[in-house]
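In case you want the letters, here they are:
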Amino acid sequence: MKMKLVAASLLLVGGIGLPLQTAFAKVTADKAKELDGPRLTCMGAEKAGSPAGTAAFTGKFVGTWPGIKGKEGYEPGPFADEKPTLTITSQNMSQYADKLTEGMKTMLTKYPQSFRMNVYPSHRDFGYPAWVCDTTKKNAVTSEVIHDGKGVTGTAGSIPFPFPASGIEAVWNTIDPFRAWTEDAVVDIADVYANGTIAWGKQHFMVLAPANDPNKRGSYQDKINAYFYTGYMLPQREKGFVAVGYQPNDFNNDSTQSWQYLPGIRRVREAPEVGFDYPVPPAGQRTVDDDYGFNGSPERYTWKLVGKKELYVPYDNFRINDTSIKYSDLIKPNTVNPDYERYEMHRVWVIEGNLKPGVRHIYSKRILYVDEDSWLTLWADNYDARGQLYRITLINYHYSQESSSWHRGVSLYHDLTANAYEAGYLVNEAQGDKWWKINRTNITPVLFTPDAAARGGH
């Protein structure tokens, strides 16, 4: 009965792009020399801006920016004083239709009084630590997709494929981007229903991803990609439940492993496998593989790399994570208060996943819109078995001075059929040190063991 709760902690895993027997070649040394050159960033993104409004890449801020006050915790970011240059609404959306996803257009039409898109100047000013660029350059000439798409080779800590040639390579980049190697926070969850009522959840959430630790990096063929811990405080019926475990790097001979402390029997039990479209608690308004835009074992989708497109996407979203914002002002019917959302023009990779014949999932198709600079999924449109747009994922990233990387903040999961949504990873009303603590050395594997689950549940 508690099995579903494991899903809340699962991290990003990938999918398959071309037929499983296809081999994928590494790029040549000469090609790899283009990285961090006059045309491309070390992640393979185009440095140039565009007439449509995408900013040129500067990468001038790494781990800090002008006006920063703290080495950790919430900061308003370097663009806090900017004002929107335009606001897209249901009334004017036709003027910008080619710069919107189908999900954005549907949200504007379905919730004309609640959803709008405040567009700000585009910025690409956050860069990468030198070791991340070095890792990416190394992976360009060494990384390969293996085990019928269920794994990759390469050095951990950055994307394996800065020159993606297929859907599977692109999706593995979204699996293994550069980001924080530890996360620790007490987060709130708001499930907002069609009638406006809100059901609240709260959990202590921790992640340890050794691959992103610059001092402990290994191979993407090492056993463990990331450990997870989720301890529930709300809803009351789940209080004391704890799930711990790990996710592997390679899904060929391994799967996500989890152990759960069940307060009703005061015992730790090993959980059966959870993945794919298993509903995530507390309300089941998203699936396991919705986390990070796409999350789950790779075998159920065939992935296509559609190409790049310029779109208005959520970006530089510092403000929505501000601790001074009250949930009564942020959490609104239909969607969050759009005054706290920031959109910018950026180039994104468009990756399309189609459900393979003979397997099941509530999504028959999913389209990921992935930032060319960070390889993080910013927006995802998910379709049901009839081919109708069903659910939308929107992730508000902010740049973390602690990790010198982008970090997920408030994440939104809209169910267009139920006219409901979930807002997760909320830390706005966090007290004391309960806001995100990132890249802390006190987060070690011992915190993710069955014994740790038992300790956390008492």
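Reference entry: report on the structure contained in this document. (Residues numbered from 1 in each chain as written. Predicted model: local features only at pLDDT ≥ 70, side-chain atom pairs only at ≥ 80, totals over all residues. Heavy atoms only, no water.)

**As for the state of the cysteines**
We apply this condition: Our working definition of a disulfide is a cysteine sulfur pair at a distance within 2.5 Å. Counting from the N terminus, the helices are DSSP H or I runs at least four residues long and the strands are E runs at least two residues long. The buried label goes to any residue with under 20% of its type's maximum accessible area, the exposed label to any with over 50%, and the partly exposed label to all in between, with areas taken from a 1.4 Å probe on protein chains only.
For the structure on display, the rule yields 1 disulfide. The disulfide partner of C42 is C133, and the S-S distance across this bridge is 2.2 Å. The chirality of the disulfide connecting C42 with C133 is left-handed, given an S-S dihedral of about -55°. With C42 in the loop between α1 (29-32) and β1 (86-88) and C133 in helix α3 (residues 130-142), this residue pair connects regions lying 91 residues apart in the sequence. For C42, a relative accessible area of 1% corresponds to the buried category. The class of C133 is buried, set by a relative accessible area of 9%.

**As for empty space enclosed by the protein**
As a reminder, the rule being used: In this analysis a 1.4 Å probe is tested at points of a 1 Å grid over the protein atoms alone, and where it fits but cannot get out there is a cavity; an open set with protein on both sides within 12 Å along at least five of seven lines is a pocket; lining residues have an atom within 4 Å of a point. Grid points are joined across faces, edges and corners, and a volume is the space filled by probe spheres set on the points.
Scanning the model with the defined rule gives 9 cavities of 30 Å³ or more in all. Put simply, the largest cavity is a space of about 130 Å³. In terms of lining, the largest cavity is formed by 15 residues, of which the most central are I175, R179, A209, N212 and N225.

**Focus: the environment of P160**
Basically, it comes down to this: Residue contacts follow a heavy-atom distance rule, with two residues in contact if any of their heavy atoms lie within 4.5 Å.
You can see P160 is positioned in the loop between β4 (151-152) and α4 (167-175). The spatial distance from the C-alpha of P160 to the C-alpha of Y397 is 21 Å, given a sequence separation of 237 residues. Those residues in contact with P160 that sit more than four places away from it in its chain are N139, A140, S143, T153, W172, N173 and D176.

**So, the side chain of S405**
What counts, and what does not: The definition of a polar contact used here is a pair of N or O atoms within 3.5 Å, where within protein one atom must be able to donate a hydrogen and the other to accept one, and adjacent residues in sequence count solely through side-chain atom pairs.
By the secondary structure assignment, S405 is in strand β16 (residues 405-415). Of the polar contacts made by the side chain of S405, one reaches the side chain of S403; its length is 2.7 Å.

**Things to note about the pairing of strand β8 (residues 242-248)**
Note the following rule: In short, DSSP must find at least two bridges between two strands for them to pair.
With 7 of 7 residues buried, β8 is to be regarded as a mostly interior element. Here β8 shows a buried face lined by V242, V244, Y246 and P248 and a second buried face lined by A243, G245 and Q247. Pairing between strand β7 (residues 224-234) and β8: 7 bridges, direction antiparallel. Counted as the bridge partner of Y227 is Y246 from β8.

**Observations regarding the layout of surface pockets**
The condition that has to hold: Ten residue types, Ala, Val, Leu, Ile, Met, Phe, Trp, Tyr, Cys and Pro, are classed as nonpolar, four, Asp, Glu, Lys and Arg, as charged, and the remainder, Gly among them, as polar.
Within this model, the largest pocket holds a volume of roughly 270 Å³. Residue classes in the lining of the largest pocket are distributed as 8 nonpolar, 1 polar and 8 charged.

**Thoughts on the pattern of salt bridges**
Where side chains of opposite charge bring their charged atoms close, a pairing between them can arise. Selection criterion: For this analysis, a salt bridge means a side-chain nitrogen from Lys or Arg found within 4 Å of a carboxyl oxygen belonging to Asp or Glu.
This model, assessed by the stated rule, comprises 31 salt bridges. Put simply, E102 and K105 hold a salt bridge, and the shortest N to O gap is 2.9 Å. With E102 and K105 both in helix α2 (residues 102-110) and 3 residues apart, the pair spans about one turn of that helix. Residue classification places E102 among the partly exposed positions, given a relative accessible area of 41%. Across the salt bridge formed by E238 and R237, the nearest N and O atoms sit 3.6 Å from each other.

**Some points on the packing of aromatic side chains**
Rules: Only rings of Phe, Tyr and Trp enter the pairing, Trp through its six-membered ring, and a pair is recorded when the two centres are within 6.5 Å. The plane angle decides the type: under 30 degrees is stacked, over 60 is edge-to-face, the rest tilted. Either the NZ atom of lysine or the CZ atom of arginine qualifies as a charge over a ring when it sits within 6 Å of the ring centre and within 35 degrees of the ring normal.
Under the definition given, this model contains 25 aromatic pairs. On the basis of an interplanar angle of 15° and a centroid distance of 4.0 Å, the ring pair of F126 and Y399 is categorised as stacked. Taken as a pair, F126 in the loop between β2 (117-119) and α3 and Y399 in strand β15 (residues 389-400) lie far apart in primary sequence, 273 residues in all. Taking relative accessible area as the criterion, F126 reaches 5% and is therefore assigned buried. Here W131 and F178 contribute two aromatic rings whose centre-to-centre distance is 5.6 Å and whose plane-to-plane angle is 85°, an arrangement assigned as edge-to-face. Of this pair, W131 sits in helix α3 while F178 is found in the loop between α4 and β5 (182-192), placing the two residues 47 residues apart along the sequence. Accessibility assignment for this pair places W131 and F178 in one class, buried. Positioned above the aromatic ring of Y413 is the side chain of R286, whose terminal nitrogen or guanidinium carbon lies 4.5 Å from the ring centre. Its end group placed over the ring of Y383, K365 keeps NZ or CZ at 4.6 Å from the ring centre.

**Structural notes on the nonpolar core**
Basically, it comes down to this: Throughout this description, the term nonpolar core refers to a set of buried Ala, Val, Leu, Ile, Met, Phe, Trp, Tyr and Cys residues connected via side-chain atoms within 4.5 Å.
In terms of nonpolar packing, the biggest core is built from 54 residues, with I88, M117, Y312 and I331 touching the most fellow members. Considering each element in turn, this core owes the most residues, 6 residues, to β15. Setting aside chain neighbours within four positions, we find Y312 in contact with L86, I88, Y96, K99, L100, M104, M117, V119, Y343, E344 and M345.

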